[in-house]
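This is what each chain is made of:
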Amino acid sequence: MSFLENIFAQLEKAKDTPILQELAEGGTVSVTGSDLLDMVGRARAFLSKRELPKRSRCVLLANNSIRWVAMDLALMAEGLIVVPLYSRQAPAELVAMMKDCSPSLICCGDAGLRDSIHRIWPDNPDAPLFEEILATPAYAAGNSHTTDDDTVTIIYTSGTSGDAKGVMLNAGNVKYILGCTSGRLEALMSGHQGQERVFHYTPFAFAAAWIMLLTCLSRGSLLVLNTDLSKIATDIPATEPHYFVNVPLLLERVRRVIDEQLLSRGGVALTVYTQAKAAWARRQSGQPHFGDGLRLRVANKLLFPTLRKRVVGTSLKALICGSAPLNVETQLFFAMLGIPVLQVYGLTETTAICTMDDPAHVEPGRVGPPIPGTEMKLDEGDEIVVRGPNIFSGYWNRPDETAKAIRDGWFHTGDQGEMNASGNWRIIGRVKNLVVLASGHKVPPEPIEEDLLQHMAGAQQVVLVGNGRSYLSAIITGEVSADTVQAAIDNVNAGLPHYKQVRAFRIHPQPFTIDDGLLTANGKLKRDTIAARLQAEIDELYRTKQAS
């Protein structure tokens, strides 16, 4: 049975059960398995009338919604290749990706999106709106006849150092990964009775979010969609989720907000919190003090349950975190509150997943062991290479790039890592992000940047620079004072060898954003673009330091 056939079978079983909810401004919209199948049937009827050739590319351009899910399933069931695009990307970037994949159809969530594309690409392919597509009377569509080797989606990478590339994933890749994710969730939810509730806010255009969507549909879970990021803080506890996918940025923000709120509140709560944090830190370092157990018990009785309920509700089994390395202190912070954080590591090219934490054996700071049936090892420069059923078939229309990425059957991830004796992996950083000093020392910037960020309240981003220079410097964004930055640098430098120490810095008040072209669509730093855009500031930073 294909993964699509399994999903449709699960929807039939849940014909009277809500399986998707959309938290909209006018209230909650729910659909049952039967409702969703009807929507899929309507979309398939519309697509069938177009008589598009099998394996034609069809763009899916919209925000997360129930209608998005129906369109995705219908396109795949009709033998078409879905190209999901992130609706918040700049129209010029979206058009570049569309021209790259030459779609036969652009399915748009609203007229505003369609018009923004048409202004840049006047002769774009037909672009019907969801409402037009789903107004078509449904018909008894035949089963999907997708084989494991058939490409079902092309997902464009975030393009941190160049043009985005279209990653081709086939039905076999997806079927394999869904088996892995479902197996891990079975372990997490062991003993639970009834339907699982899953909160969701990350865009379906990204591989990890899409895999979570398909996993929930395969398991008959209730997936609750947040449609307004400004309401996440209230939507999460109201949903009472059992688990949901996160990015490190959100968890870092939650940690900061808790610190700031308790600091402003003061009183007994702040005292209990401060003492418990210190006791927890000493316990993690293996140097507990007398009375630390009592301090933690008091916090677990009087404070932590309230914080847990306010942040995630009362039903949570674990948070699932991916897309970038999570600071170990943040993972330990949530563990202190009684909120387990499970890490996942993967790339779009690995169908979103290479490793997953085992809920029974979590090691903070590590991303778990490889998923069953895959192999991971270190290649030259400690680069992680992977092979297995999860590896993509190639980049769309880029055979040379495919040949560079997959060599002798191994996919070269571009990530540096290490594995410990228990088989759990740690991700150090990106090979191409290494800062190569004039001395020849090669410095992975990510661990230092993350450490600095933890010591600077108000800072938004930290970017290390120094290629070809004699020492490292840092660009810091956000509302932060020079004294705070210097104190953080002094603190971090104390534990680093001389060549990894930061010697100078420049505060850039405006944070980097997706809109200004300095972050990728999923919030990662475009380091080369940042270096080019701020070249004059960086040159001046080094001249000023040398003059002093």
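Residues numbered from 1 in each chain as written. Predicted model: local features only at pLDDT ≥ 70, side-chain atom pairs only at ≥ 80, totals over all residues. Heavy atoms only, no water.

K.L.:
Now, about the overall build of the protein chain: what can you tell me, with residues and values included?
P.N.:
A tally of regular secondary structure across the protein chain gives 19 helices and 24 strands. Relative to a compact globule of 548 residues, whose C-alpha radius of gyration would be 24 Å, the protein chain shows 24 Å and is just as compact. Seen through its principal axes, the protein chain has C-alpha atoms that stretch 70 × 55 × 45 Å. In the protein chain, once contacts between residues fewer than 6 apart in sequence are set aside, the share between residues at least 24 apart is 65%. Summed over its atoms, the accessible surface of the protein chain is roughly 23800 Å², and 51% of this surface lies on carbon and sulfur atoms. Each charge class in the protein chain can be summarised by its mean position, and for the 54 positive and 59 negative side chains these summaries are 4 Å apart. (Helix = DSSP H or I, 4+ residues; strand = E, 2+ residues; numbered from the N terminus. Rg over C-alpha atoms; globule rule 2.2 N^0.38 Å. Contact = heavy atoms within 4.5 Å. Areas by Shrake-Rupley, 256 points an atom, 1.4 Å probe, with all protein chains shown as cover. Lys, Arg positive; Asp, Glu negative; His and termini not counted. Charge placed at Lys NZ, Arg CZ, Asp CG, Glu CD.)

K.L.:
Lay out helix α4 (residues 91-101) with the relevant residues and their values.
P.N.:
Leu-94, Val-95, Met-97, Met-98, Asp-100 and Cys-101 are the residues of α4 that are buried. Buried residues belonging to α4 abut β3 (57-61), β4 (81-85), β5 (105-108), α5 (111-120) and β6 (151-156). Ser-102, located one to two residues past α4, shows a positive phi value of around 50°. (Buried < 20%, exposed > 50% of the residue type's maximum accessible area, 1.4 Å probe, protein only.)

K.L.:
Account for the environment of Gly-33, with residues named and values stated.
P.N.:
Residue position: Gly-33 is located in helix α2 (residues 33-50). In sequence terms Gly-33 and Val-436 are 403 residues apart; their C-alpha atoms lie 54 Å from each other. Aside from chain neighbours lying at most four places away, what touches Gly-33 is Leu-11, Ala-14, Lys-15, Thr-17 and Ile-19.

K.L.:
Explain the environment of Ser-65 to me, and be specific about the residues and the numbers.
P.N.:
Inspection of the secondary structure assignment puts Ser-65 in the loop between β3 and α3 (66-77). Between the C-alpha atoms of Ser-65 and Asn-226, which are 161 residues apart in sequence, the distance is 8.8 Å. Non-local contacts of Ser-65, meaning those with residues more than four positions away in its chain, are made with Glu-22, Phe-130, Phe-204 and Leu-225. Here the side chain of Ser-65 touches Trp-68 through a polar contact of 3.0 Å, landing on its backbone nitrogen. (Polar contact = N/O pair within 3.5 Å; in protein donor to acceptor, adjacent residues only side chain to side chain.)

K.L.:
Explain the sheet that holds strand β24 (residues 502-508) residue by residue, including any values.
P.N.:
Strand order in the open sheet formed by 3 strands is β22-β23-β24, with mixed pairing between adjacent strands. Across the chains shown, the open sheet's two edge strands, defined by having one partner strand only, are β22 (459-465) and β24. Shown here is a sheet whose adjacent strand axes are inclined to one another by a mean of 25°, direction ignored. One ladder, built from 6 bridges, connects strand β23 (residues 472-478) with β24; its direction is parallel. Counterpart to Ile-475 in the pairing with β24 is Arg-506. Strands β22, β23 and β24 of the sheet are contacted by helix α16 (residues 445-454), whose axis makes an angle of about 145° with β22. (Pairing = 2+ DSSP bridges. Axes fitted to C-alpha atoms, helices over the stretch in contact; angles between N-to-C directions.)

K.L.:
Break down the pattern of salt bridges for me, with residues and values.
P.N.:
Scanning the model with the defined rule gives 19 salt bridges in all. One salt bridge in this structure joins Arg-44 and Glu-78, with 2.6 Å as the shortest N-O distance. A residue pair is termed long-range when its members are at least 10 positions apart, and Arg-44 in helix α2 and Glu-78 in the loop between α3 and β4 qualify at 34 residues. Side by side, Arg-44 and Glu-78 carry an identical accessibility label, which is buried. Shared partners join several salt bridges into a network, and the residues in it are Glu-186, Glu-196 and Arg-219. (Salt bridge = Lys/Arg side-chain N within 4 Å of Asp/Glu carboxyl O.)

K.L.:
If you had to explain the state of the cysteines to someone new, which residues and values would you point to?
P.N.:
Per the stated rule, a full pass over the model turns up 0 disulfides. Free cysteine: Cys-354, not disulfide-bonded; nearest cysteine sulfur from Cys-180 at 11 Å. (Disulfide = S-S within 2.5 Å.)

K.L.:
Please provide a residue-by-residue account of the pairing of β6, values included.
P.N.:
Across the 6 residues of β6, 6 count as buried, placing the element largely inside the fold. Inspection of the sheet shows β6 paired to strand β7 (residues 166-170) by 5 bridges, in the antiparallel sense. Paired with Tyr-156 across the two strands is Gly-166, which belongs to β7.

K.L.:
Tell me what's going on with the pairing of strand β8 (residues 197-200), and back it up with residues and numbers.
P.N.:
Looking at chain direction, β8 and strand β9 (residues 222-226) are connected through 4 bridges and run parallel. For Arg-197, the partnering residue across the bridge sits in β9 and is Leu-222. Viewed along the sheet, the connection from β8 through helix α8 (residues 207-219) into β9 turns out right-handed. (Right-handed = clockwise from strand over helix to strand, strands pointing away.)

K.L.:
Before we move on, could you go through the packing of aromatic side chains and cite the residues and values that matter?
P.N.:
Summed over all chains, the structure comprises 8 aromatic pairs. For the pair Phe-199 and Tyr-201, a centre-to-centre distance of 6.4 Å together with 40° between the ring planes defines the contact as tilted. In this structure, Phe-199 and Tyr-201 share a single accessibility class: buried. With 5.5 Å between their ring centres and 80° between their planes, Phe-392 and Phe-411 make a pair best called edge-to-face. One end of the pair, Phe-392, is in the loop between β15 (383-387) and β16 (394-395); the other, Phe-411, is in strand β18 (residues 410-419), with 19 residues separating them in the sequence. On the basis of relative accessibility, which here comes to 1%, the residue Phe-411 falls in the buried class. Cation over ring: Lys-377 sits above Trp-410, and NZ or CZ is 4.3 Å from the ring centre. (Phe/Tyr/Trp six-rings, centres within 6.5 Å; stacked < 30°, edge-to-face > 60°. Lys NZ or Arg CZ within 6 Å of the ring centre and 35° of its normal.)

K.L.:
Report on unusual backbone geometry, specifying residues and quantitative values.
P.N.:
Outside of glycine, negative phi angles account for most residues, and trans bonds account for most peptide bonds. Backbone geometry places Glu-240, a non-glycine residue, at a positive phi of 55°. Look at Asn-397: it is not a glycine, yet its phi comes out positive at around 60°. When you line up the elements, Asn-397 lands in the loop between β16 and α15 (399-405).

K.L.:
Break down a nonpolar patch on the surface for me, with residues and values.
P.N.:
Together, Leu-294, Val-298 and Leu-302 line one region of the surface with nonpolar side chains, adding up to about 270 Å² of accessible area. With respect to the secondary-structure elements, Leu-302 resides in helix α12 (residues 292-302). Residue Leu-302 is classed as exposed on the basis of its relative accessible area, which comes to 58%. (Patch = residues over 30% accessible without salt bridge, like charges linked within 9 Å, V, L, I, M, F, W, Y side chains within 5 Å.)

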